[in-house]
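Notes for the structure review
These are the residues of each chain, in order.
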Amino acid sequence: MNILIKTAEQIEGIRKSSQLAGETLLYIEPFIKEGVSTEYLDGMIHQYMVERGAVPATLDYNGFPKSCCISLNEVVCHGIPSVKTILKKGDILNVDVTTILDGFFGDTSRMFTVGEVSQEAEKLIRVTKQCLNLGIQQVFPDNYFGNIGYFINRYATSQGFSVVYEFCGHGVGVEFHEDPQVDHIARKNSGQKMKPGMIFTIEPMINEGKPRVKVDQQDGWTARTVDDKLSAQFEHTLLVTETGCEVLTDVSKEYQVT
Ligand code: MF3
Ligand code: CO
Ligand code: CO
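Since we're looking at a predicted model, the values are computed, not measured. (Residues numbered from 1 in each chain as written. Chains lettered and ligands numbered in written order. Predicted model: local features only at pLDDT ≥ 70, side-chain atom pairs only at ≥ 80, totals over all residues. Heavy atoms only, no water.)

This paragraph deals with the packing of helix α3 (residues 119–137) against helix α4 (residues 146–158). Relative orientation of the contacting elements α3 and α4 amounts to 155°, with a least axis distance of 8 Å. Taken together, α3 and α4 sit at an angle that is classed as roughly antiparallel. Our pair here, α3 against α4, has a crossing hand that is right-handed. Across the interface between the two elements, Val-127, Gln-130, Cys-131, Leu-134 and Gly-135 of α3 pack against Ile-148, Phe-151, Ile-152, Tyr-155 and Ala-156 of α4. In terms of residue class, the contact of α3 with α4 is made up of 8 nonpolar, 2 polar and no charged. (Axes fitted to C-alpha atoms, helices over the stretch in contact; angles between N-to-C directions. Helix = DSSP H or I, 4+ residues; strand = E, 2+ residues; numbered from the N terminus. Parallel < 35°, antiparallel > 145°, perpendicular 65-115°, else oblique. Left-handed = near helix turned anticlockwise from the far one by under 90°. Contact = heavy atoms within 4.5 Å. Nonpolar A, V, L, I, M, F, W, Y, C, P; charged D, E, K, R; others polar.)

See below:
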């Protein structure tokens, strides 16, 4: 595996693109309401990015037809925005946006809810966010990539949930998906070591039931839980610094730069 160490110029470009991706999720929040279609949200996201000089990375990526992924309820990831998918009360959804700005990629996603959701759904979302936080805490020079997945899996399973292992985080920035593959289940102190200048995502998908997914045979993208139980996901793009990390897509300043 060849993990790029980004130059100062690349880091600045990836930081800008990542900030725009984060801002896109802030922008879309008030539009997420009962009765709107995921196609409508996709159009708003497309326009927001293009008006700011960016290109949505998912559009035409390996044939993906839309400008973001919107994954409802039992959809684990890669949900295709559609006029037929109308938000209703009690839905939970992940919106995943990836920007290309001046050639650099930024990738982030988070959960949203429509009206009141079940207590189990709320817990799943809370635990999944905490899984991302625990992963982020493991990002510092000379730590092993495996420790990200070790702590995510330990916590998710302690809460009665399971971790999707068929999709992973990834290096990002110069391309959409670079080395390394960032596993959300791993052994302690396994894999390569993190070095300053590496940039990658952590994006745990956590399931209420079984961890396996099935990909829709019709559209070739939509990944659902095998048991049709709920799934949740959060994603950030991270830079390894000399002493810790910077969450490049964190526009709400939830995380300190270390
Ligand atoms: N944004 C997703 C990720 O986190 C990838 C989506 S690829 C697509 O890696 F083609 F499905 F859009
Ligand atoms: Co990603
Ligand atoms: Co993403």
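Right, picking up where we left off after that structure.
The cobalt ion (ligand 2) binds to the protein through Asp-107 (OD), His-170 (NE2), Glu-203 (OE) and Glu-235 (OE); the donor distances cover 2.0 to 2.2 Å. Counting the intervening residues between successive donors of the cobalt ion (ligand 2) yields the motif D-x62-H-x32-E-x31-E. On the accessibility criterion, Asp-107 (2% relative accessible area) is buried. By relative accessible area, Glu-203 is classed as buried at 8%. (Donors = N, O, S within 2.8 Å, 3.2 Å for Na, K, Ca; no water. Buried < 20%, exposed > 50% of the residue type's maximum accessible area, 1.4 Å probe, protein only.)

When the terminal C-alpha atoms of helix α1 (residues 8–28) are compared, their 31 Å separation across 21 residues agrees well with the 30 Å that a helix rising 1.5 Å per residue should span. Buried residues of α1: Ile-11, Gly-13, Ile-14, Ser-17, Ser-18, Leu-20, Ala-21, Gly-22, Thr-24, Leu-25 and Ile-28, and no others. Buried residues along α1 sit in contact with α2 (38–51), β1 (54–56), β4 (92–101), β5 (104–113), β9 (199–202) and β14 (236–240). (Expected span 1.5 Å × (residues − 1).)

Bringing the nonpolar core into the picture now. Counting 32 residues, the largest nonpolar core has Val-139, Ile-148, Phe-200 and Ile-202 as its most contacted members. At the level of secondary structure, the elements contributing two or more residues to this core comprise α3, α4, β9, β14 and β15 (245–247). The element that contributes the greatest number of residues to this core is α3, accounting for 7 residues. In contact with Ile-148, not counting residues within four places along its chain, are Gly-135, Gln-138, Val-139, Val-182, Met-194, Phe-200 and Ile-202. Within the second largest apolar cluster, 22 residues are counted, among which are Leu-20, Val-36, Ile-45 and Leu-87. (Core = buried A, V, L, I, M, F, W, Y, C linked by side-chain atoms within 4.5 Å.)

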